[in-house]
Amino acid sequence: MAHWLMKSEPETFSYEDLVRDGKTVWDGVRNNQAALYLKAMKVGDEAFFYHSQKGLEVVGIARVVREAFLDPSDPAGRFVAVEVAPVRALKQPVTLAQMKADPKLADMKMFKQFRLSVCPVEPAEWKAILAMAGET
DNA sequence: GCCAACGTTGGC
DNA sequence: GCCAACGTTGGC
């Protein structure tokens, strides 16, 4: 099972919104690299839900409930979307500053290509971030 | 097919 | 609000 990190601006769509809605279509991705990651997602894969712009922290975990399909918001039909549902909020959010300060996370994809709205998380990175959130 | 201009994202 | 990163577009 693969792990991911998905970014969302909380003022547009926050983790609380996801919990309220029960699930959401993760669309609007207009980047080829991010689209490749979306296509690689399998039902059951878990993803950290990260708040960009405001908050700058991982606040919860989401689960893929529907694999890549044509993005209904893309009239050209070039890009795909997935559907995700909330799993649980982290006990303690993990901030970007915390992640940057941890040498174990120095190679994270999200630092290499910080503009991507979706990026993979290695198993060791996943565990390290969970530990930082006070979960084991 | 190259490359400059432009647009978007997101941290600071 | 600024700026760096970087993908995309369009003229040649």
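An unreviewed UniProt entry lists chain A under the name EVE domain-containing protein, with Phenylobacterium ferrooxidans as the source organism.

(A) Molecular detail of the overall build of chain A. Scanning chain A from N- to C-terminus turns up 5 helices and 6 strands. Counting from the amino terminus, chain A carries its helices and strands in the arrangement β-α-β-α-β-β-β-α-α-β-α. Against the globule reference of 14 Å for 136 residues, chain A gives a C-alpha radius of gyration of 14 Å, in line with a compact fold. On the principal axes, the C-alpha backbone points of chain A span a range of 40 × 30 × 30 Å.

(B) Region of interest: the protein's contact with DNA strand B. As a structural note, the neighbourhood of DNA strand B is formed by K7, Y50, S52, Q53, L56, L96, K100, F114, R115 and L116. Taken together, the sugar and phosphate atoms account for 81% of what DNA strand B places within 4 Å of the protein. Backbone polar atom of Q53 to a phosphate oxygen of DNA strand B: 3.2 Å apart, as the coordinates give it. At 3.3 Å from a phosphate oxygen of DNA strand B is found a main-chain nitrogen or oxygen belonging to R115. Of the residues belonging to the surface near DNA strand B, the class tally is 5 nonpolar, 2 polar and 3 charged.

(C) Layout of the protein's contact with DNA strand C. Residues in close proximity to DNA strand C include N31, N32, K112, Q113, F114 and R115, which together make up its full environment. Near the protein, within 4 Å, the atoms of DNA strand C are sugar or phosphate in 89% of cases. A distance of 3.1 Å is found between a phosphate oxygen of DNA strand C and a side-chain nitrogen or oxygen belonging to N32.

(D) Inspection of the nonpolar core at higher detail. W26, M41 and V84 are the most contacted members of the largest nonpolar core, which has 21 residues in total. Counting only elements with at least two residues in this core, the list comes to β1 (3–8), α1 (15–21), α2 (32–40), β3 (46–51), β4 (57–70) and β5 (80–95). Aside from chain neighbours lying at most four places away, what touches M41 is W4, M6, V64, E67, V82 and V118. Listed in part, the 20 residues of the second largest apolar core include V58, L105, I129 and A133.

(E) Seen up close, the UniProt feature "domain: EVE" (unreviewed entry) in chain A. Per the UniProt record, "domain: EVE" (unreviewed entry) is annotated on residues 2–132. Spanning residues 2–132, this segment combines 27% helix with 37% strand, and its end C-alpha atoms are found 20 Å apart.

The rules behind these values
Residues numbered from 1 in each chain as written. Chains lettered and ligands numbered in written order. Predicted model: local features only at pLDDT ≥ 70, side-chain atom pairs only at ≥ 80, totals over all residues. Heavy atoms only, no water. Helix = DSSP H or I, 4+ residues; strand = E, 2+ residues; numbered from the N terminus. Rg over C-alpha atoms; globule rule 2.2 N^0.38 Å. Near = heavy atom within 4 Å. Polar contact = N/O pair within 3.5 Å; in protein donor to acceptor, adjacent residues only side chain to side chain. Nonpolar A, V, L, I, M, F, W, Y, C, P; charged D, E, K, R; others polar. Core = buried A, V, L, I, M, F, W, Y, C linked by side-chain atoms within 4.5 Å. Buried < 20%, exposed > 50% of the residue type's maximum accessible area, 1.4 Å probe, protein only. Contact = heavy atoms within 4.5 Å. UniProt positions renumbered as here; feature names shortened; annotations may be inferred.

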